[in-house]
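Below are the chains, spelled out letter by letter.
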Amino acid sequence: MKSFSFPPVSSKDSKILILGTMPGTKSLELNQYYGHNQNNFWKFMFTILGEEFSQDYETRKKLLLKNNIALWDVLQFCDRVGSLDSAIKNEIANDFENFLKSHPQIEYIFFNGQKAAAFFKKYVHLEKDYKKMTLPSTSPANASKAFKNKLEEWNIIQTLL
């Protein structure tokens, strides 16, 4: 199945960029980043940013923008059956050179999981040296760490605001 990523959620004031790999099946169906209700991304963001959790997608996006956080995916396109990153084939990266030029305030790039970091390293070569960090995947497929332990690692974002 051919999959295309969503446009970024960002503003000119974004200082932090969080990158996933590619939207999964449920996210594509809902046309929402991290749309699968078992994915912990939004639970982490609301907890880290000290806000009451919301299921409303517009509220979720506004939370990120209010805190100068941009959200996007490393890949623009791929072939994939299902939602597992290990099934990705024929991938093409998003245009980070132009995106980052139009978002000069971004200093930090966080990867939601090892695969996002690996694809970024493989395809994206930037002149500017950004502070980068790979965080544990928020996907329900990543069961190697407990929610609490993953949240502790994701909490680094709160320290940068």
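Residues numbered from 1 in each chain as written. Predicted model: local features only at pLDDT ≥ 70, side-chain atom pairs only at ≥ 80, totals over all residues. Heavy atoms only, no water.

Caption draft 1: Quick look at the overall build of the protein. Across its full length, the protein holds seven helices and seven strands. Each helix and strand of the protein, ordered N terminal to C terminal, gives the series β-β-α-α-α-β-β-β-α-β-α-β-α-α. Referenced to the eigenvectors of the C-alpha coordinate spread, the extents of the protein come out at roughly 40 × 35 × 30 Å. Burial analysis of the protein (161 residues in total) assigns 47% to the buried set. (Helix = DSSP H or I, 4+ residues; strand = E, 2+ residues; numbered from the N terminus. Buried < 20%, exposed > 50% of the residue type's maximum accessible area, 1.4 Å probe, protein only.)

Caption draft 2: Layout of the sheet that holds strand β4 (residues 75–79). Sheet architecture is open: three strands sit in the order β1-β4-β5, paired in antiparallel fashion. Looking along the sheet, the strands with just one partner apiece sit at the ends: β1 (2–4) and β5 (89–93). In this sheet, adjacent strand axes meet at a mean angle of 10° when their direction is disregarded. (Pairing = 2+ DSSP bridges. Axes fitted to C-alpha atoms, helices over the stretch in contact; angles between N-to-C directions.)

Caption draft 3: Broad picture of the packing of aromatic side chains. For the coordinates displayed, the defined rule picks out 15 aromatic pairs. Ring plane angle 80° and centroid distance 5.1 Å describe the contact between Phe6 and Tyr33, whose orientation is recorded as edge-to-face. Pair noted here: Phe6 is in the loop between β1 and β2 (16–20) and Tyr33 is in the loop between α1 (25–30) and α2 (41–48), with a separation of 27 residues, a long-range link. Taken individually, Phe6 and Tyr33 each receive the classification buried, so the pair is uniform in this respect. (Phe/Tyr/Trp six-rings, centres within 6.5 Å; stacked < 30°, edge-to-face > 60°.)

Caption draft 4: Layout of the nonpolar core. Of all hydrophobic cores here, the largest spans 46 residues; its most connected members are Leu17, Ile18, Trp42 and Met45. The element contributing the most residues to this core is α2, with six residues. When neighbours within four sequence positions are excluded, Trp42 is seen to be in contact with Tyr33, Tyr34, Phe53, Tyr57, Arg60, Lys61, Leu64 and Leu71. (Core = buried A, V, L, I, M, F, W, Y, C linked by side-chain atoms within 4.5 Å. Contact = heavy atoms within 4.5 Å.)

Caption draft 5: Structural view of the sheet that holds strand β7 (residues 131–135). Spatially, β3-β2-β6-β7 is the arrangement adopted by the four strands of the open sheet, whose pairing is parallel. The two strands at the open ends of the sheet, each matched to only one other strand, are β3 (69–73) and β7. Looking at each pair of strands side by side, their axes are set apart by 20° on average, direction ignored. By the bridge criterion, five bridges tie β2 to β3 in an arrangement that is parallel.

Caption draft 6: Structural view of the pattern of salt bridges. Considering all chains together, one arrives at nine salt bridges under this definition. In this structure, Glu58 and Lys61 form a salt bridge, with 3.2 Å as the shortest nitrogen-oxygen distance. Taken together, the positions of Glu58 and Lys61, both in helix α3 (residues 57–66) and three residues apart, correspond to about one turn of that helix. Among the salt bridges present, the one from Lys122 reaches Glu91, with a minimum N-O distance of 3.6 Å. Here the residue Lys122 occupies a position in helix α5 (residues 114–123), and Glu91 occupies one in strand β5, the gap between them amounting to 31 residues. (Salt bridge = Lys/Arg side-chain N within 4 Å of Asp/Glu carboxyl O.)

Caption draft 7: Representation of the pairing of strand β6 (residues 108–112) within the structure. For β6, the tally of buried residues reaches five of five residues, placing the bulk of the element in the interior. Residues of β6 alternate between two faces, with Tyr108, Phe110 and Asn112 on one and Ile109 and Phe111 on the opposite face, all of them buried. In terms of strand pairing, β2 meets β6 through four bridges, oriented parallel. By the bridge assignment for β6, Leu19 is matched with Phe111. Pairing of β6 with β7, which is carried by five bridges, proceeds in the parallel orientation.

Everything listed is a geometric property; what it means functionally is a separate question.
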